[in-house]
Amino acid sequence: QVQLVESGGGLVQPGGSLRLSCAASGRIFRTYTMGWFRQAPGQEREFVAAITWNGRSTNYADSVKGRFTISRGNAKNTVYLQMNNLKPEDTAVYYCAATFGDGTRPDRHEYPYWGQGTQVTVSS
C-alpha cells in the first residue's frame, strides 16, 4: 500500500510560481513512476506530468510544457512539481499519483494510488 500526501497549493497571481510537493510512504517509492494530474470544476481529471522511477524520463502535457517541471527526490520519498508563469487556466485541484513499472504514463487509469489533492488558484 502506498499513501501520498500533497502540499504547496494556494492562491497566486497570473505569472507567479508555486512548488507542489508529494510525500509518499513505503520503502519502495523509488520503484514507482510518479505523476501529477489536475481537475478543474466540471472537467475530467487530466494529465499534467510524469517521471520514471529513476528520474531519467519525464513527460508533460502540451499545455504546461516549458512552464512546469517535475522532479523527484528518492532519498526523501518526495516528488515535486515546479510551476512557473502560472495562468488562470491552471486553476484546479492537483493530484499526485503512483504506479508500478517503467514509462511515463499519461493515462490516469494506469495509476492505482492517489493523494487527496491540493488546490491551486491562479487569479488577480
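Predicted model, so just to flag it, every value in this text is computed and none were measured.

Novice: How should I be thinking about the overall build of the protein chain in this particular structure?
Specialist: A count of helical and extended segments in the protein chain gives zero helices and eleven strands. When the helices and strands of the protein chain are read in sequence order from the N terminus, they spell out β-β-β-β-β-β-β-β-β-β-β. Here the C-alpha coordinates of the protein chain stretch approximately 40 × 25 × 25 Å along the principal axes. Counting over 124 residues, the protein chain shows a buried share of 46%. Across the protein chain, every contact between residues at least 6 apart in sequence was considered, and the portion connecting residues at least 24 apart equals 59%. Averaging the locations of the 13 positively and 9 negatively charged side chains of the protein chain gives two centres separated by 10 Å.

Novice: Can you help me understand the state of the cysteines in this one?
Specialist: Among covalent bonds in proteins, the disulfide is the one between the sulfur atoms of two cysteines. Under the definition given, this model contains one disulfide. Each sulfur of the disulfide joining cysteine 22 and cysteine 96 lies 2.1 Å from the other. For the disulfide bridge between cysteine 22 and cysteine 96, the dihedral angle about the S-S bond is near -80°, and by the sign convention the bridge is left-handed. Separated by 74 residues along the polypeptide, cysteine 22 in strand β3 (residues 18–24) and cysteine 96 in strand β9 (residues 92–99) bring together distant segments of the chain. Comparing cysteine 22 with cysteine 96 shows no difference in burial state: the two are buried.

Novice: Would you mind going over the sheet that holds strand β8 (residues 78–83) with me for this structure?
Specialist: Strand pairing in a sheet relies on backbone hydrogen bonds. The paired strands run either parallel or antiparallel. Spatially, four strands are ordered β1-β3-β8-β7 in an open sheet, and the strand pairing comes out antiparallel. Every other strand in the sheet has two partners, leaving β1 (4–7) and β7 (68–73) as the edge strands with one partner each. Neighbour to neighbour, the strand axes of the sheet diverge by 15° on average, direction disregarded.

Novice: Explanation requested: the side chain of serine 21 in the structure shown.
Specialist: Structurally, the position occupied by serine 21 is in strand β3. When its relative accessible area of 18% is taken as the criterion, serine 21 is described as buried. Among all residues touching serine 21, those that are not within four sequence positions of it are Val5, Glu6, Ser7, Trp36, Thr78, Val79 and Tyr80.

Novice: Would you explain the pattern of salt bridges in this entry?
Specialist: Side chains bearing opposite charge may pair, as long as their charged atoms lie close to each other. Under the defined criterion, the tally for this structure stands at six salt bridges. One connected set of salt bridges, linked through shared partners, spans Arg38, Glu46, Arg67 and Asp90.

Criteria and cut-off values
- Numbers given for residues are sequential positions, taken from 1 along each chain in its written order.
- A pLDDT threshold of at least 70 governs which residues receive local features in this predicted model, and a stricter bar of 80 or more applies before side-chain atom pairs are shown or counted, although totals over entire chains, interfaces and linings include all residues.
- Just so you know, side-chain values use all the structure's heavy atoms and leave hydrogens and water out.
- Runs of E in the DSSP output that reach at least two residues are strands. Runs of H or I that reach at least four are helices, and both are numbered from the N terminus.
- Burial status follows relative accessibility: with a 1.4 Å probe on protein chains alone, a residue under 20% of its type maximum counts as buried, one over 50% as exposed, and anything between as partly exposed.
- By definition in these notes, contact holds between two residues if any of their heavy atoms fall within 4.5 Å.
- Counting rule applied: Lys, Arg positive; Asp, Glu negative; His and chain ends not counted.
- A single reference atom marks each charge: NZ on Lys, CZ on Arg, CG on Asp, CD on Glu.
- Note on terminology: disulfide denotes any pair of cysteine sulfur atoms within 2.5 Å.
- For two strands to count as paired, DSSP must find a minimum of two bridges between them.
- For helices, the fitted line uses only the C-alpha atoms of the stretch in contact; every axis is such a line through C-alpha atoms, and the angle between N-to-C directions lies from 0 to 180 degrees.
- A pair is scored as a salt bridge if a Lys or Arg side-chain nitrogen falls within 4 Å of a carboxyl oxygen belonging to Asp or Glu.

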